[in-house]
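# Structural overview
Here is what each chain is made of, one letter per residue.
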Amino acid sequence: MPHHYGLEITTQIRPEKKLTKDAMERYLLERNDLVLTILHAKVAQKSYGTEKRFFCPPPCVYLFGKGWKLRQQQLLREGVTETNSQMSAFIGIGSADQDLQPLDLNNNKQYCAAKTLFISDSDKRKHFMLMVRMFYNNGYDIGTFHSKRIKVISKPSKKKQSLKNADLCIASGTKVALFNRLRSQTVSTRYLHVENGTFHASSTEWGAFIIYLLDDDEGESDMFNVRDGYIHYGSTVKLVCSVTGMALPRLVIRKVDKQTALLEADDPVSQLHKCAFYMKDTNHMYLCLSQERITNFNATPCPKGPNKEMINDGACWTIISTDKAEYQFYEGMGPVNSPITPVPVVHGLNTNGGGDVAMLELSGENFTPHLQVWFGNVESETMFRCQESMIAVVPDISSFRGDWSWVKQLTQVPVSLVRNDGIIYATGLTFTYTPEPGPRNRVTPADKIMRTSTSKNNFSLSHIMS
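Quick look at the structure, then. Just so it is clear, the model here is predicted, and its values are computed rather than measured. Chains are numbered independently. Their residues run from 1 in the order of the written sequence. Note on the predicted model: pLDDT of at least 70 is required for a residue's local features to be given, and 80 or more for side-chain atom pairs to be given and counted; whole-chain, interface and lining totals, by contrast, use all residues. To get the side-chain values, all heavy atoms of the structure are used, and hydrogens and water are removed first.

This brings us to the overall build of the protein chain. Helix and strand assignments follow DSSP, with helices taken as H or I runs no shorter than four residues and strands as E runs no shorter than two, numbered in order from the N terminus. Along the protein chain, the regular secondary structure elements total four helices and 34 strands. When burial is assessed residue by residue, the protein chain has 49% of its 466 residues classed as buried. Residues are treated as being in contact if the distance between any of their heavy atoms lies within 4.5 Å. For the protein chain, the proportion of contacts with a sequence separation of at least 24, taken over those separated by at least 6, is 67%. The buried label applies to any residue whose accessible area, calculated with a 1.4 Å probe on protein chains only, is under 20% of its type's maximum; exposed applies above 50%, and partly exposed to all values in between.

See the structure below:
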């Protein structure tokens, strides 16, 4: 009998079922997806000797969607015990199971942080990915999920940063985390976070904030013009919570050196730099924390120089770029035998052909021959090319609008990938049928489409947030 991390498990073999049209319609109506998100920093500082420099902010795993609770209820209905219907989760930086650490996902928030991960100096990799292994305690293997790529750095750069090291610089429109550590004590670490409609300093959860570069003369408003480019000290920026959309007032980011904010530094902001945020158009006020509260601190002139202001520990923040990997799936025909992973991810759609017929080319990763493309509740003829490319025949619009000869309005349908055993992977993308004047002919069979020369494209694509 197999074991997982000391847990004795059994596996129930279930008959494999192909997704039905009715099951897809029910899914599209209810959208009880299971969503797993891995939130992490883009860089990790290496540990040297016997030290353990834990990743900060800690990588987090979130479970979103109603599907997780419904899945557990289904197991209980099938006679699985309360303990065996719980999930076990492990995380690590390698590919070997023995290097994984347990995660505690069984709480009301369905969230956990990996607070004791580190990478030693004996590990010579310049990049790595986090690996999350999940299964139910009754033996059902959910799968193995990976983070985005993380860059290993030796330590934060003390030198004046150059844009030649662009992967260490922070660009406008990217996400960052901010944390504060009083007297350099790890236990005092607090993260900027939004909860219940307010900014606060959290000791457990951290927020990912989009940092936008603004024109220096940009006024305070809910609407603002964003500039491209890398963030430099002295820049006017806006920090917007990537989850809630809440924003702080306009800020000027300033370099910090020994509890002073440097007013004239203008080099690019780099990973794990210490910085301060002057609240624009105020009288020397800086973004500051006081225990769990976000407040402001009134800086004073520095006696050691005219271009410096004295700030306290609470106004000194460490900045780091963040990333996330998100996986979305649903067991359309009920529990399956195989792990959910690898989850296919679609990066883009492109149409070939047009008029009455068209082919849709999907680009992405983790594609397999066992996947079919669905347009709404209609399964499409699908051709697997390789792990990064698939082609699907676009169904005739009459599949969604009845047997109409004339279609006068836009018709938008979600695009999904469906595995042979009924697993639905939402892509977060839609396909839009754009009508042309005049009557329409019936669709050409798929084998003829493959040999048809490209004609006028009357289809368009639109991206929606999943």
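Additional details are given in the paragraphs that follow.
On to the sheet that holds strand β7 (residues 101-103). Here the rule is simple: two strands pair whenever DSSP picks up at least two bridges between them. With antiparallel pairing, four strands are arranged side by side in an open sheet as β7-β6-β10-β11. A single partner strand is all that each edge strand has here, and the edge strands are β7 and β11 (141-146). Strand after strand, the sheet turns through a mean of 25° between neighbouring axes, direction not considered. Bridge count between strand β6 (residues 87-92) and β7: three bridges; the pairing is antiparallel. Across the sheet, residue I91 finds its bridge partner in β7, namely Q101. Angles shown run from 0 to 180 degrees and are taken between the N-to-C directions of axes, each axis being a line fitted to C-alpha atoms and, for helices, limited to the stretch in contact. The strands touched by helix α2 (residues 67-77) within the sheet are β6, β10 (131-136) and β11, with β10 carrying the most contacts at an inclination of about 35°.

The next thing to look at is α2. Among the residues making up α2, those that are buried are G67, W68, R71, Q72 and L75. Relative to the axis of α2, the buried residues are bounded by an arc of 135° and lie together on one face. Residues of α2 that are exposed and point more than 90 degrees away from the buried face comprise K69 and R77. Buried residues belonging to α2 abut β3 (34-41), β5 (60-64), β6, β10, β11 and β25 (317-331). Where α2 ends, the next residue or the one after it, G79, has phi of about 95°, a positive value. Starting at the helix axis, one direction is taken to each C-beta atom, and the arc is that of these directions.

Turning next to the side chain of N32. Its location among the elements puts N32 in the loop between α1 (21-30) and β3. Residues in contact with N32, not counting those within four places in the same chain, are K66, G67, L70 and Y330.

Its location among the elements puts T81 in the loop between α2 and β6. By the criterion applied in these results, polar contacts are pairs of N or O atoms within 3.5 Å in which, for protein atoms, one can donate a hydrogen and the other can accept it, and in which residues neighboring in sequence qualify only through two side-chain atoms. Among the polar contacts listed, one links the side chain of T81 to the backbone nitrogen of N84, at a separation of 3.2 Å.

Bringing the packing of aromatic side chains into the picture now. Put simply, two rings from Phe, Tyr or Trp (the six-membered ring, in Trp's case) pair if the centres are within 6.5 Å, and we call them stacked under 30 degrees between planes, edge-to-face over 60, tilted for the rest. A full pass over the atoms with the stated rule returns 16 aromatic pairs. Centroid distance W68 to F329: 5.9 Å. Interplanar angle 85°. Geometry classified as edge-to-face. Taken together, the residues span a long stretch of sequence, with W68 in helix α2 and F329 in strand β25 at a distance of 261 residues. On the basis of relative accessibility, which here comes to 2%, the residue W68 falls in the buried class. Since its relative accessible area comes to 2%, F329 is described here as buried. Judged by centre distance (5.9 Å) and plane angle (55°), the rings of Y278 and Y286 are tilted. In this pair, the class of Y278 matches that of Y286, namely buried. By way of ring pairs, the aromatic residues W68, F145, Y327 and F329 are connected into one cluster. Definition used: whenever NZ (Lys) or CZ (Arg) falls within 6 Å of the ring centre and also within 35 degrees of the ring normal, the charge is taken to sit over that ring. Directly above the aromatic system of Y136 lies the positively charged group of R71, at a separation of 5.2 Å from the ring centroid.

Before going further, it helps to examine the sheet that holds strand β4 (residues 43-45). Across the sheet, which stays open at both edges, the three strands sit in the order β4-β12-β9 with mixed pairing between neighbours. This sheet does not close on itself; its edge strands, each paired only once, are β4 and β9 (127-128). Inspection of the sheet shows β4 paired to strand β12 (residues 150-153) by three bridges, in the parallel sense. Paired with Q45 across the bridge in β12 is I153.

Quick look at the pattern of salt bridges now. When their charged atoms lie close together, side chains carrying opposite charge are able to pair. Note on definitions: salt bridges are taken to be side-chain nitrogens of Lys or Arg within 4 Å of carboxyl oxygens of Asp or Glu. One pass over the structure, following the stated rule, counts 18 salt bridges. In this structure, D33 engages R31 in a salt bridge whose closest nitrogen and oxygen atoms are separated by 3.0 Å. D33 sits in the buried class, given a relative accessible area of 5%. By relative accessible area, which is 34% here, R31 ends up partly exposed.

Right, let's get into the pairing of β11. On a regular strand, one side chain projects to one face of the sheet and the next to the other, so that they alternate. Taken together, the five bridges between β10 and β11 define a ladder with antiparallel strand orientation. Residue M131 lies in a different strand from β11, and its bridge partner there is H146. Hairpin connection from β10 to β11: four residues lie between these consecutive antiparallel strands, with G139 at a positive phi of about 110°.

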